[in-house]
Amino acid sequence: QVQLVESGGGLVQPGGSLRLSCAISGIIFTRSSMAWYRQTLRNQREWIGGIDSDARTIYEDSVKGRFTISRDNAKSTMYLHMESLTPEDTGVYYCYCPSVRKWGQGIQVTVSS
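What counts as what
- Residues numbered from 1 in each chain as written.
- Predicted model: local features only at pLDDT ≥ 70, side-chain atom pairs only at ≥ 80, totals over all residues.
- Heavy atoms only, no water.
- Helix = DSSP H or I, 4+ residues; strand = E, 2+ residues; numbered from the N terminus.
- Rg over C-alpha atoms; globule rule 2.2 N^0.38 Å.
- Buried < 20%, exposed > 50% of the residue type's maximum accessible area, 1.4 Å probe, protein only.
- Polar contact = N/O pair within 3.5 Å; in protein donor to acceptor, adjacent residues only side chain to side chain.

**Thoughts on the overall build of the protein**
On a plain count of helices and strands, the protein comes out with zero helices and eleven strands. N-terminal to C-terminal, the α/β element order of the protein is β-β-β-β-β-β-β-β-β-β-β. For 113 residues, the compact-globule estimate of 2.2 N^0.38 gives 13 Å, and the protein sits close to it at 13 Å. Considered along the principal axes of its C-alpha atoms, the protein spans approximately 40 × 25 × 25 Å. When each of the 113 residues of the protein is scored for burial, the buried share is 42%.

Encoded structure:
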């Protein structure tokens, strides 16, 4: 059974940073592309970035330059490092594995003073 579990969310002040993790089991992780999505007050669930099996990344324009996606194949884990956070980044963040169409449960990120 494929399982994706997010961690690392919480409350952060504007201008701060946060790192989310997504641990994946049940797939050959080294061969899998992965993605991050989020749902905010402004938008329904939207794609924000992805990483392929060669660790090449691509980002949605609104987060480009602030967010960094990485992966650790030895730990079967994908990361999302977020910097210069604003209240508009507040929402629920999800990891996703396209090859098996599986989502994590989502994790809350709140940016507020």
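**As for the side chain of R38**
Assignment of secondary structure puts R38 in strand β4 (residues 34–40). Judged by relative accessible area, which is 5%, R38 ranks as buried. In terms of polar contacts, R38 uses its side chain to reach the side chain of D89, at 2.9 Å.

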